[in-house]
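Listed below, chain by chain, are the residues.
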Amino acid sequence: MKRLSVLALAAAFCLALSLPVAHAADKKLMMATTTSTQDSGLLEYLQPTFKAETGIDLKWVAVGTGKALEIAKNCDADVLLVHAPAAEMEFVKAGHGVDRRQIMYNDFVLVGPVKDPAQVKGKATAEALKAIAGHKSPFVSRGDQSGTHKAELKLWKASSLSPDKEAWYVSAGQGMMATLNMAAEKKGYALTDRGTWIKFANKQGDKNPLAILVEGDKALFNQYSVITVNPAQCPKVRKDLALVFEDWWVKPETQKRIADYKLEGKQLFFPNAGK
């Protein structure tokens, strides 16, 4: 009888020791996000602090926003960090996501060859796109249903243009950094988020064949938000960890870290949680 009691106590002790380990190993959160948050270096900058403050092991896949939303619809992510507001609102309205919160913004810029053959520098975005179309200069589009691609299509539509079947319009079907490299090779124009542009320009240095030609237009505003995948549609979603994730992004300390993240002294993202 004593032997059984000792064995039972030993088993209980071993189980107690194993529980915290199992719990810690279970604190994993899967995020689907846009390429700009990775290409800019923001995620690598914030991830260690997030892990230290929450104990959550954040993993992510960086794709275009359209693809990120599809991943979430397929229940292959717990949370989203994306930048296509209209598509995000449709996603939430359709019941795929809950608790959408804006966290930061930057802007899009129109870049092109330093010599600017279409003469777009300083123009409003709509006029610049018309000038590119009129000159038939190469324009490299991401073509991947990302937030940047969706914004670009909206800008073409506002300019009363549909260039997708034109020979000078190139659909890369790739991420932002690859699209910028292609634009540089083709001596073409492209729309990019400012964060990725700064990272690209930093790598190119004095040999950068591209330059910002159009910026500051209200139409170029670029909002980023976080969304929890709806557990009613995806029962395996870690809603408890997702809530911690969303709360962490909007808290003042994290918002300050976002503002503090710079490359070559240039701020890449601007916090605006709750605004």
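Note that the coordinates shown come from a computational prediction; the quantities given were computed from them, not determined experimentally. (Residues numbered from 1 in each chain as written. Predicted model: local features only at pLDDT ≥ 70, side-chain atom pairs only at ≥ 80, totals over all residues. Heavy atoms only, no water.)

## Looking at the nonpolar core
Judged by nonpolar contacts, the single largest core of 40 residues is most densely connected at Leu-29, Leu-81, Val-111, Trp-197, Leu-210, Phe-245 and Trp-249. Residue contributions to this core peak at six residues, all from helix H8 (residues 176–186). Residues within four places of Trp-197 in sequence aside, it is in contact with Val-109, Val-111, Leu-180, Thr-192, Asn-208, Leu-210, Ala-211 and Ile-212. (Core = buried A, V, L, I, M, F, W, Y, C linked by side-chain atoms within 4.5 Å. Buried < 20%, exposed > 50% of the residue type's maximum accessible area, 1.4 Å probe, protein only. Helix = DSSP H or I, 4+ residues; strand = E, 2+ residues; numbered from the N terminus. Contact = heavy atoms within 4.5 Å.)

## Quick notes on the state of the cysteines
Counted by the stated rule, this structure contains one disulfide. Bridging Cys-75 to Cys-234, the disulfide has an S-S length of 2.0 Å. When the S-S torsion is -70 degrees, as for the bridge of Cys-75 with Cys-234, the disulfide is left-handed. One end of the pair, Cys-75, is in the loop between helix H4 (65–73) and strand E3 (79–82); the other, Cys-234, is in the loop between strand E9 (221–229) and helix H10 (239–250), with 159 residues separating them in the sequence. (Disulfide = S-S within 2.5 Å.)

## Things to note about the pairing of E9
Residues in a regular strand point their side chains to alternate faces of the sheet. The element E9 is extensively covered by neighbouring structure, given that eight of its nine residues are classed as buried. Alignment of E3 against E9, held across four bridges, turns out to be antiparallel. Each residue of the ladder has a partner; that of Val-82, found in E9, is Ser-225. Relative to E9, strand E4 (residues 97–113) runs antiparallel, the two being bridged by eight bridges. Paired with Arg-101 across the strands is Val-226, a residue of E9. (Pairing = 2+ DSSP bridges.)

## Some thoughts on the environment of Leu-263
Along the chain, Leu-263 turns up in strand E10 (residues 262–263). On a C-alpha basis, the gap between Leu-263 and Ile-198 in space is 7.2 Å, while along the polypeptide they are 65 residues apart. The residues touching Leu-263, leaving out its near neighbours within four places in the chain, are Ser-40, Ile-198, Lys-199 and Leu-268.

## Describing unusual backbone geometry
Positive phi, close to 60 degrees, is recorded for Gln-145, a residue that is not glycine. Here Gln-145 shows up in the loop between strand E5 (139–141) and helix H7 (147–158). Residue class for Gln-145 comes out partly exposed when judged on its relative accessible area of 38%. Even without being glycine, Lys-187 reaches a positive phi, approximately 55 degrees. When you line up the elements, Lys-187 lands in the loop between H8 and strand E7 (190–193).

## With respect to H4
Those residues of H4 that fall on the buried side of the exposure criterion are Thr-65, Gly-66, Ala-68, Leu-69, Ile-71 and Ala-72. Where the residues of H4 are buried, they touch strand E1 (28–34), strand E2 (57–63), E3, helix H5 (85–93), H7 and E9.

## So, the pattern of salt bridges
A complete count under the given rule lists 15 salt bridges for this structure. With a shortest N-O distance of 2.7 Å, Glu-53 and Arg-257 are connected by a salt bridge. One end of the pair, Glu-53, is in helix H3 (residues 42–54); the other, Arg-257, is in helix H11 (residues 252–260), and 204 residues separate them in sequence. Across the salt bridge formed by Lys-59 and Asp-57, the nearest N and O atoms sit 3.8 Å from each other. Given the relative accessible area of 45%, Lys-59 is considered partly exposed. We classify Asp-57 as buried; its relative accessible area is 18%. (Salt bridge = Lys/Arg side-chain N within 4 Å of Asp/Glu carboxyl O.)

## Notes on the pairing of strand E8 (residues 210–214)
Counting buried positions over the five residues of E8 gives four, a clear majority of the element. Sheet topology note: the E4/E8 ladder contains four bridges and is antiparallel. If you follow Val-111 over to E8, its bridge partner there is Ile-212.

## Focus on H11
For H11, every residue scored as buried is listed here: Thr-254, Gln-255, Ile-258 and Ala-259. Projected onto a plane normal to the axis of H11, the buried residues spread over an arc of 145 degrees and lie on a single side. Packing partners of the buried residues in H11 comprise H3, E4, H10, E10, strand E11 (266–267) and strand E12 (270–271). (Arc of directions from axis to C-beta.)

Honestly, that's just the spatial picture; any functional story needs more than this.
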